[in-house]
Amino acid sequence: AGFIKSPLSQKRLTQDSVELYCEAIGNPIPEIQWWFEGNEPNETYAQLWDGARQDRVKINATYNLHSTSTIYIANLTSDDSGMYECRASNDPDRNHLSKSPKVKWIRSQANVFVIERPDVKGHVTAISGKLILTCNVTTPYPDIKGHEWMHGDKILQTDVESSAFTSYTIEGKMEEHSGIYECVYRTSPVIKGQVNISVPPQVMPYKKSEHGNEGDTGVLTCKNPSFPPVSSWAWYKNGQEVSAVSIINGSGRYIIKSSGNKTELRILKLSIEEDTGDYHCNATNSYGFGSAIVNLRVRSRLAALWPFLGIVAEVLVLVTIIFIYEKRRKPDEVLD
């Protein structure tokens with residue numbers, strides 16, 4: 001027996017993806033194949049292979065106790081609409097070119113409809129300390145049953161209006177609310193639009209002031225919580241660039257590690273004279289430039305001993321005073 005566990009009819013938009021799952025049971029374990037018949041009148045069934053349709057088709061199969069197979073089609077086009085058929089057979093002659101198999105192929109079908117994706121225009125406007133995000137479906141689309149506004153996985157607003165236009169208002173400045181926002185139309189299938197609030201990097205140091213001991217490794221870190229991500233980072237000290245390639249004063253003690261919205265500067269073998277001061281972490285993205293300052297203080301290795309040495313000195317002074325006092329004190333008179 002063979003059957004498709006996915007819904008027998010699925011609607012998808014162009015550029016979406018679809019996944020169908022098929023399972024077959026038999027002894028010996030059956031082979032599973034995938035076939036497709038388009039909606040054109042003269043089109044016949046053709047077998048699908050892993051990597052077909054310019055590598056948009058992926059087929060994964062397992063044969064353990066019973067047979068399972070999954071077909072995944074990415075970046076759908078209107079030509080992907082049609083009937084998908086899962087075929088299963090365990091007859092030894094099932095793939096013979098001339099012999100007809102004794103056991104017929106067991107077949108299960110699912111119909112996939114690929115609908116042209118409507119154009120959704122997104123826009124953001126800053127007015128009087130507010131950000132107004134809007135989406136509008138520019139091509140007619142029936143059966144809109146409501147809208148949702150989302151930021152990541154968080155639902156910000158929902159309604160049951162049938163309009164092609166929807167909006168969402170944010171109190172504050174663009175720098176405080178940058179990111180990717182989605183407007184979701186409750187249709188079948190679901191339509192999504194995107195509104196990006198983009199700003200120059202809003203660079204922040206993990207700590208405005210860092211401390212390190214002489215001879216140890218100092219670590220300075222900056223991050224950028226805003227959108228879009230940083231394309232390049234640079235570190236400066238007193239107007240001179242610090243990098244693994246362009247080395248300050250030829251010392252070669254600097255290591256920079258940058259990944260996306262985070263950068264880290266490591267300074268090996270800290271020196272009080274050379275490394276104390278302000279460090280600038282500069283970030284650049286497609287919308288501009290941002291910078292932050294981290295102050296580094298380098299302490300002597302003996303700095304931790306000063307409180308202890310102070311206590312020892314106080315004790316020595318006290319003992320000395322007591323000793324001198326005892327030496328100079330007159331002996332007590334002997335009583336009769």
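Structure report, in brief. (Residues numbered from 1 in each chain as written. Predicted model: local features only at pLDDT ≥ 70, side-chain atom pairs only at ≥ 80, totals over all residues. Heavy atoms only, no water.)

Okay, the packing of aromatic side chains next. Taken as a whole, this structure holds two aromatic pairs when the rule is applied. With 4.7 Å between their ring centres and 45° between their planes, F36 and Y84 make a pair best called tilted. Within this pair, whereas F36 is found in strand β4 (residues 31-38), its partner Y84 is found in strand β8 (residues 82-89), the two being separated by 48 residues in sequence. Here F36 and Y84 have matching classes, each one buried. (Phe/Tyr/Trp six-rings, centres within 6.5 Å; stacked < 30°, edge-to-face > 60°. Helix = DSSP H or I, 4+ residues; strand = E, 2+ residues; numbered from the N terminus. Buried < 20%, exposed > 50% of the residue type's maximum accessible area, 1.4 Å probe, protein only.)

Ranked by internal contacts, the top residues of the largest apolar core, which has 19 residues, are L20, I32, W34, L48, I71, I73 and Y84. Within the residue set of this core, elements represented by two or more residues are β3 (18-24), β4, β6 (57-64), β7 (66-73), β8 and β9 (106-115). The element that contributes the greatest number of residues to this core is β3, accounting for four residues. Setting aside residues no more than four positions away along its own chain, I73 makes contact with D16, S17, V18, R53, R56, V57, D80 and Y84. (Core = buried A, V, L, I, M, F, W, Y, C linked by side-chain atoms within 4.5 Å. Contact = heavy atoms within 4.5 Å.)

So, on to the pattern of salt bridges. Under the definition given, this model contains twelve salt bridges. Of the charged contacts, one joins K58 and D55 as a salt bridge, the two residues approaching to 3.0 Å between their closest N and O atoms. Residue D55 is classed as partly exposed on the basis of its relative accessible area, which comes to 46%. A salt bridge links K130 to E171, with the nearest nitrogen and oxygen atoms 3.8 Å apart. Pair noted here: K130 is in strand β11 (residues 130-137) and E171 is in strand β14 (residues 165-171), with a separation of 41 residues, a long-range link. Residue classification places K130 among the partly exposed positions, given a relative accessible area of 35%. (Salt bridge = Lys/Arg side-chain N within 4 Å of Asp/Glu carboxyl O.)

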